[in-house]
Number of protein chains: 2
Amino acid sequence: MGRIIVVVVDGMGDRPIDGKTPLQYANTPNIDLLCREGITGQMNTITPGIVPGSDTGHLAIFGYDPYKTYPGRGVFEALGAGIKLEEGDVAFRCNLATVDEKLNVVDRRAGRIKDGKKIVEEIDGMEINGVEIILKSTTEHRCSLVLRGENLSNKISDVDPHSETKIWKSKALENTHEARRTADIINKLVEESYKILKDHPINKEREKEGKLPANILLPRGAGKYVEIESIKEKWGFKASCIAGGALYKGVARYLGASIIDVRGATGRLDTNLHAKVDAALKSAEQYEYTFLHIKGCDNASHDGDFRAKAEMISRIDEEVVSKLIDFDGYVLITADHSTPVFVKRHTSDPVPILFHGEDVRRDSVELFDEISVVHGGLGTLRGIDLMPIVSDYIGYYKMYGS
Amino acid sequence: MGRIIVVVVDGMGDRPIDGKTPLQYANTPNIDLLCREGITGQMNTITPGIVPGSDTGHLAIFGYDPYKTYPGRGVFEALGAGIKLEEGDVAFRCNLATVDEKLNVVDRRAGRIKDGKKIVEEIDGMEINGVEIILKSTTEHRCSLVLRGENLSNKISDVDPHSETKIWKSKALENTHEARRTADIINKLVEESYKILKDHPINKEREKEGKLPANILLPRGAGKYVEIESIKEKWGFKASCIAGGALYKGVARYLGASIIDVRGATGRLDTNLHAKVDAALKSAEQYEYTFLHIKGCDNASHDGDFRAKAEMISRIDEEVVSKLIDFDGYVLITADHSTPVFVKRHTSDPVPILFHGEDVRRDSVELFDEISVVHGGLGTLRGIDLMPIVSDYIGYYKMYGS
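**As for helix H5 (residues 73–80) of chain A**
Residues and elements named next belong to chain A.
1) Next: Burial analysis of H5 places eight of its eight residues in the buried class, which makes it a mostly covered element.
2) Next: Every buried residue of H5 is listed here: Arg73, Gly74, Val75, Phe76, Glu77, Ala78, Leu79 and Gly80.
3) Next: Buried-residue contacts for H5 involve helix H3 (54–61), strand E4 (90–99), strand E8 (142–148), strand E9 (216–224) and helix H10 (246–254).
4) Next: The first or second residue beyond H5 is glycine 82, which carries a positive phi of 90°.

Structure follows, in structure tokens:
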């Protein structure tokens, strides 16, 4: 049986500026070496024209139809934060934020508060209408919120107004008792959070220091946890995940992959790429499928920074791909979506794919970039096509018929 | 937000004769300029191998799944003829025709009668079994027929035998009261039309002049009107339609697009292309999405006239596309289906697509034709993929996930 390391360079796909995309502009001798020896193509992670979310894009890459298996973002964030979810839990992304006494949002990030952990302790463990509230601080103002109890639904709207305006009331998005009940609990929790937090000693201290108080919870992105067939059950092999960002760990954990924590893997441009690729090579001794997520390019794209994106790609070439050249297995390099620096958001432009291994067909493509791979032997795939191809090569193939 | 002009050259796709398709043979310096600066691909408007109708092909291009949203041809013809339809109306295409006393068709077009308007007045407004009959003459022998009343169905067969033989009885195509009732009403109406028209003074006059009488109605293509999500509701932006033919206006009206009437837009080879492109450029100041339909190539194809088709393409290049080169927005050029001049009917051969705009990825394709675009960066799309791609570029994107 074979082994594969799948490198997902988040947001790598782009559009040209002055005739070149960041991937065309970057210095990528190692990637291009693999390209000459491998097969390429392009991929619409969801379907043509549909902009992939970070969560749905990864579901597809792992071979799960995102339209059938997407539980909602909050579930991945909670799993990524290390919360052990139970069937029926409803999970949210949640910000600690600053509001005025009329509940107008002053800052959705509470001045990027650093000491969120102490604040959330006041709320974690509460009970509202018989439902347990689990609240865990992750980074800065970010938390993961979970409701645990009977008859809950994720078909409810956000409280976070996504801009500096009055907070929204959560509303049922379907006409069910469960949805109305869950929206009601969330609204009570938000109200309660303001009562508890506005006079919290940490906030009093912050105000004295001229900092914004973290005086309310703003939940968004409700998801409902249901158990799903693991990668091992669905595809037959053991998978691991190396990633800085909690979301990607959350998706991998949802699918039963092992999470390998790497010191210095930050999910930012300053991430320790050497440590990540070393961990991936080590993982490949034990796991047939090693997923290596590198976030930096997406951050640079959202900032509209062409040069930083191209430099990150050059670093990935030098620090990561150079070490994969002698790897005795398959290597796949792709992105989860495009994030053109000109647009500063995810777009639906297809992403390039490069697949390398001793017995892989070589196509005529010599440079790995969005334009050249159009002529690649893999053609234009969809995200969910990738895993069946990979699993066939590593020997865990799906035959239909006999 | 961006703006786009979508040019659909009806039936442009073809197969080679003596090594060249009409598009390859035509003189297209302006189209090829956009091609070098843009991205190309090919499109199966419905699905590979399925021959698109003029109606379903356009539904797909507007981003509506034709298998889920097709109401039947008659609906589009009625809307294109300016009839205001109500929920539940059943609409037909309908010819004024000539039959003998045994109801054998002598001429399906009643000698291409020019004075159809006076004839239909005798029938328009009748009532049969409590159902109102609306009949409107459009061009020559062509009419639009609408049944308005309770419990009607479009699941009935045509009366028009599509050849010079005895007229058909309309039959229920499903085992429902509504279908049997509607077929019955249609058969009564056809019988009644013969009784009323055979001795009509206009027909007596025509016979004296040696012309064929328009002595019967031959309905076909039943469709049932149901309200559908408009383009604005579904995609978020305002759309307009510039077209000569009633059908295309009908499809656009069905989807809530604004119809821009242009003097001299005939839907034939003699159409005023200058006026149409000027109207499109003006429309783009107000509408995010301007649809510009040019019919002539399809007419030449149905006539099997290679030279006329190639000349029409050259004219489109010179008179339309030349004016789009400096347009400050996106331009998309494609066809709704292929109509090879050798075959003289729609075929399922994919059609070429060209997409141009400042930030669009450029592929390596330099000539816009059926053969070259196979190497294009858009790959091979389906008709319904087009609208999501367009809407992402003009800023009204659909994200799945978060």
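Let's pick the thread back up.
**Thoughts on the sheet that holds strand E11 (residues 258–259) of chain A**
Strands pair in a sheet through their backbones, by hydrogen bonds, and they do so in one of two ways: parallel or antiparallel.
Residue and element names in this part refer to chain A.
1) Next: Read from one edge of the open sheet, eight strands run E11-E10-E12-E1-E13-E14-E2-E15, paired in mixed fashion. Edge positions in the open sheet fall to E11 and strand E15 (380–382), since each of these has one partner strand only.
2) Next: Of the pairings in the sheet, the one linking strand E10 (residues 239–242) to strand E12 (residues 289–294) comprises four bridges and is parallel in character. Each bridged residue has a counterpart across the sheet, and for cysteine 241 the counterpart in E12 is phenylalanine 291.
3) Next: Packing of helix H13 (residues 306–324) onto the sheet brings it into contact with strand E1 (4–9), E12 and strand E13 (330–334), and relative to E12 it is tilted by some 160°.

**Structural notes on the side chain of serine 137 of chain A**
1) Next: Looking at where serine 137 of chain A falls in the secondary structure, it is placed in strand E7 (residues 131–137).
2) Next: For serine 137 of chain A, the contacting residues outside a window of four places in its chain are Gly116, Lys117, Val120, Arg142 and Cys143 of chain A.

**Some points on a negative patch on the surface**
1) Next: A cluster of acidic side chains, namely Glu121, Glu122, Asp124, Glu127 and Glu132 of chain A, defines a negative patch on the protein surface.
2) Next: In this structure aspartate 124 of chain A comes out as partly exposed when scored by relative accessible area, which is 40%.

**Describing the nonpolar core**
Among soluble globular proteins, nonpolar side chains are generally buried collectively.
1) Next: Among the nonpolar cores identified, the biggest contains 85 residues, and Ile4, Ile231, Tyr289, Ile316, Ile333, Phe355 and Phe368 of chain B are the most heavily contacted of them.
2) Next: By residue number, the principal contributor to this core is helix H13 (residues 306–324) of chain B, which donates seven residues.
3) Next: Not counting residues within four places of it along the chain, the set of residues in contact with phenylalanine 368 of chain B comprises Met12, Leu23, Ile31, Asp32, Cys35, Ile333, Pro352, Ile353, Leu354 and Val373 of chain B.
4) Next: Ranked by size, the runner-up nonpolar core spans 84 residues in total, among them Val146, Ile231, Val262 and Leu378 of chain A.

**Section: the packing of helix H2 (residues 29–37) of chain A against H13 of chain A**
For any two helices packed against each other, one specifies the crossing angle of their axes together with the interaxial distance.
All names here are of chain A.
1) Next: Interhelical geometry of H2 versus H13 gives an angle of 40° and a closest axis separation of 7 Å. Looking at the two axes, H2 sits oblique to H13. Along the contact surface, H2 presents Pro29, Asn30, Ile31 and Leu34, while H13 presents Asp317, Glu318, Val321 and Ser322.
2) Next: Split by residue class, the contact of H2 with H13 holds four nonpolar, two polar and two charged.

**Points about the pattern of salt bridges**
Residue and element names in this part refer to chain A.
1) Next: Here the structure, examined in full by the defined rule, presents 46 salt bridges over all chains.
2) Next: A salt bridge links glutamate 288 to lysine 238, with the shortest nitrogen-to-oxygen separation between them at 3.8 Å. Linking glutamate 288 in the loop between helix H11 (273–283) and E12 with lysine 238 in the loop between helix H9 (231–235) and E10, this pair joins segments that are 50 residues apart in sequence.

**Points about the confidence of the model for chain A**
Predicted coordinates in regions of low pLDDT should not be interpreted in detail.
1) Next: Residues at a pLDDT of 70 or more form 100% of chain A, whose mean pLDDT is 96.
2) Next: This prediction of the complex comes with two scores: 0.93 for pTM and 0.92 for ipTM.

**Considering the interface of chain B and chain A**
1) Next: Each partner contributes residues to the interface: chain B has 25 residues there, and chain A has 34 residues.
2) Next: Counting the surface lost from both chain B and chain A, the interface buries some 2300 Å², and carbon and sulfur atoms represent 51% of this.
3) Next: Of all residues in chain B, Arg361, Tyr400 and Ser402 of chain B give up the largest surface area on contact with chain A, accounting jointly for 37% of the area buried on that side.
4) Next: Here arginine 15 of chain A makes a salt bridge to aspartate 359 of chain B, at a shortest N to O gap of 2.7 Å.
5) Next: Run the count over chain B and chain A and you get 18 residue pairs in polar contact (both at pLDDT 80 or more).
6) Next: Those elements that place two or more of their residues in the side of chain B that touches chain A are strand E14 (380–382), helix H14 (383–393) and strand E15 (399–400) of chain B.
7) Next: Per-element tally for the side of chain B that touches chain A: the top contributor is H14 of chain B, with five residues.
8) Next: Taken together, the residues of the side of chain B that touches chain A sort by class into nine nonpolar, eight polar and eight charged.

Conventions and cut-offs
Residues numbered from 1 in each chain as written. Chains lettered and ligands numbered in written order. Predicted model: local features only at pLDDT ≥ 70, side-chain atom pairs only at ≥ 80, totals over all residues. Heavy atoms only, no water. Buried < 20%, exposed > 50% of the residue type's maximum accessible area, 1.4 Å probe, protein only. Helix = DSSP H or I, 4+ residues; strand = E, 2+ residues; numbered from the N terminus. Contact = heavy atoms within 4.5 Å. Pairing = 2+ DSSP bridges. Axes fitted to C-alpha atoms, helices over the stretch in contact; angles between N-to-C directions. Patch = residues over 30% accessible without salt bridge, like charges linked within 9 Å, V, L, I, M, F, W, Y side chains within 5 Å. Areas by Shrake-Rupley, 256 points an atom, 1.4 Å probe, with all protein chains shown as cover. Salt bridge = Lys/Arg side-chain N within 4 Å of Asp/Glu carboxyl O. Lys, Arg positive; Asp, Glu negative; His and termini not counted. Charge placed at Lys NZ, Arg CZ, Asp CG, Glu CD. Core = buried A, V, L, I, M, F, W, Y, C linked by side-chain atoms within 4.5 Å. Parallel < 35°, antiparallel > 145°, perpendicular 65-115°, else oblique. Nonpolar A, V, L, I, M, F, W, Y, C, P; charged D, E, K, R; others polar. pLDDT = per-residue confidence, 0-100. Buried area = accessible area lost by both parts, 1.4 Å probe. Polar contact = N/O pair within 3.5 Å; in protein donor to acceptor, adjacent residues only side chain to side chain.

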